[in-house]
Amino acid sequence: EDQVTQSPEALRLQEGESSSLNCSYTVSGLRGLFWYRQDPGKGPEFLFTLYSAGEEKEKERLKATLTKKESFLHITAPKPEDSATYLCAVRSNTGNQFYFGTGTSLTVIP
Amino acid sequence: DAGITQSPRHKVTETGTPVTLRCHQTENHRYMYWYRQDPGHGLRLIHYSYGVKDTDKGEVSDGYSVSRSKTEDFLLTLESATSSQTSVYFCAISGMASGHNEQFFGPGTRLTVL
């Protein structure tokens, strides 16, 4: 069964304190792994797609990496505006469904 | 922002009443999806559509039906709402440019069933 587990559930950082969010997954053939950002009261906003182990994507202070079992979202020198819930999802190559984790709630304190 | 809207944005209804939520897109994307989001469960797929009149079930489809008579509209119907269907509902779309991998989400509908 396709499954996604994110950790930690919540993370509080001081502004400028770098850290990483984890997404562990099991899937019957990975078609893609996705990261989204969700602000309170809004729909998720697409960040990255990773397709194969070893792949990396960057956007501003965010960098996503992928191995065969997990993905990391590295946040370098975060700012308060990076505060949000970050969601991870996978899609297998045997169907059209996406499976989401429960997210990591990130709070960056000024 | 992707042109995707949901209506209504908020709804309170009573157990046993029918409810229809609407998703409208202006992107001409082929795939459309309905998710529900609940604390501790994350986003779960209810139904999706891969074209006009072409739909399929997701992992939590019981108690829900969908229809897509036009490319731009995807309707989610709760035939007889129950309290367990209190949730935030999100519509999403995806297009060929990303191989239907990148999903763009609407603003959500908060549904409360009393």
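Below you will find a few notes about this structure.

Digging into the pairing of strand 2 (residues 10-14) of chain A
All names here are of chain A.
Reasoning step 1: Of the two faces of strand 2, only one is covered, namely that formed by Leu11 and Leu13; the face formed by Ala10, Arg12 and Gln14 stays uncovered.
Reasoning step 2: Note: strand 2 against strand 11 (residues 104-109), 5 bridges, orientation parallel. Bridging across to strand 11, Leu13 finds its partner in Val108.

Overview of the sheet that holds strand 7 (residues 62-66) of chain A
Residues and elements named next belong to chain A.
Reasoning step 1: Taken in spatial order, the 5 strands line up as 1-3-8-7-6 in an open sheet, and their pairing is antiparallel. Pairing within the sheet leaves two strands with one partner each, and these edge strands are strand 1 (3-7) and strand 6 (56-59). If you compare each strand with its neighbour and ignore which way they point, the axes differ by 15° on average.
Reasoning step 2: Bridge count for strand 3 (residues 19-26) against strand 8 (residues 70-75) is 6 bridges, and the pairing is antiparallel. If you follow Asn22 over to strand 8, its bridge partner there is Phe72.

Observations regarding the interface of chain B and chain A
Reasoning step 1: On the chain A side, the residues contacting the 24 residues of chain B number 20 residues.
Reasoning step 2: Where chain B abuts chain A, roughly 1700 Å² becomes buried across the two surfaces, and 51% of that area is made up of carbon and sulfur atoms.
Reasoning step 3: Scanning the region where chain B abuts chain A turns up 0 salt bridges.
Reasoning step 4: The interface formed by chain B and chain A includes 3 residue pairs in polar contact (both at pLDDT 80 or more).
Reasoning step 5: Of the residues belonging to the side of chain B that touches chain A, the class tally is 9 nonpolar, 11 polar and 4 charged.

Overview of the state of the cysteines
Reasoning step 1: In the structure shown here, the tally under the stated rule is 2 disulfides over all chains.
Reasoning step 2: Paired by a disulfide, A:Cys23 and A:Cys88 hold their sulfur atoms 1.9 Å apart. Between A:Cys23 and A:Cys88, the S-S torsion sits near -65°, and that sign places the bridge as left-handed. Of the two residues, A:Cys23 is situated in strand 3 and A:Cys88 in strand 9 (residues 84-92); the sequence distance between them amounts to 65 residues.
Reasoning step 3: Relative accessible area serves as the criterion here: at 0%, A:Cys23 is assigned to the buried category.
Reasoning step 4: Residue classification places A:Cys88 among the buried residues on the basis of a relative accessible area of 0%.
Reasoning step 5: Across a sulfur-sulfur distance of 1.9 Å, B:Cys23 and B:Cys91 are joined as a disulfide pair. Looking along the S-S bond of the B:Cys23-B:Cys91 disulfide, the torsion reads about -75°, which is the left-handed sense. Taken together, the positions of B:Cys23 in strand 3 (residues 19-25) and B:Cys91 in strand 9 (residues 87-94) put the pair 68 residues apart, joining distant regions of the chain.
Reasoning step 6: Classification of B:Cys23 by relative accessible area gives buried; the value is 0%.
Reasoning step 7: When its relative accessible area of 0% is taken as the criterion, B:Cys91 is described as buried.

The rules behind the values
Residues numbered from 1 in each chain as written. Chains lettered and ligands numbered in written order. Predicted model: local features only at pLDDT ≥ 70, side-chain atom pairs only at ≥ 80, totals over all residues. Heavy atoms only, no water. Buried < 20%, exposed > 50% of the residue type's maximum accessible area, 1.4 Å probe, protein only. Helix = DSSP H or I, 4+ residues; strand = E, 2+ residues; numbered from the N terminus. Pairing = 2+ DSSP bridges. Axes fitted to C-alpha atoms, helices over the stretch in contact; angles between N-to-C directions. Contact = heavy atoms within 4.5 Å. Buried area = accessible area lost by both parts, 1.4 Å probe. Salt bridge = Lys/Arg side-chain N within 4 Å of Asp/Glu carboxyl O. Polar contact = N/O pair within 3.5 Å; in protein donor to acceptor, adjacent residues only side chain to side chain. Nonpolar A, V, L, I, M, F, W, Y, C, P; charged D, E, K, R; others polar. Disulfide = S-S within 2.5 Å.

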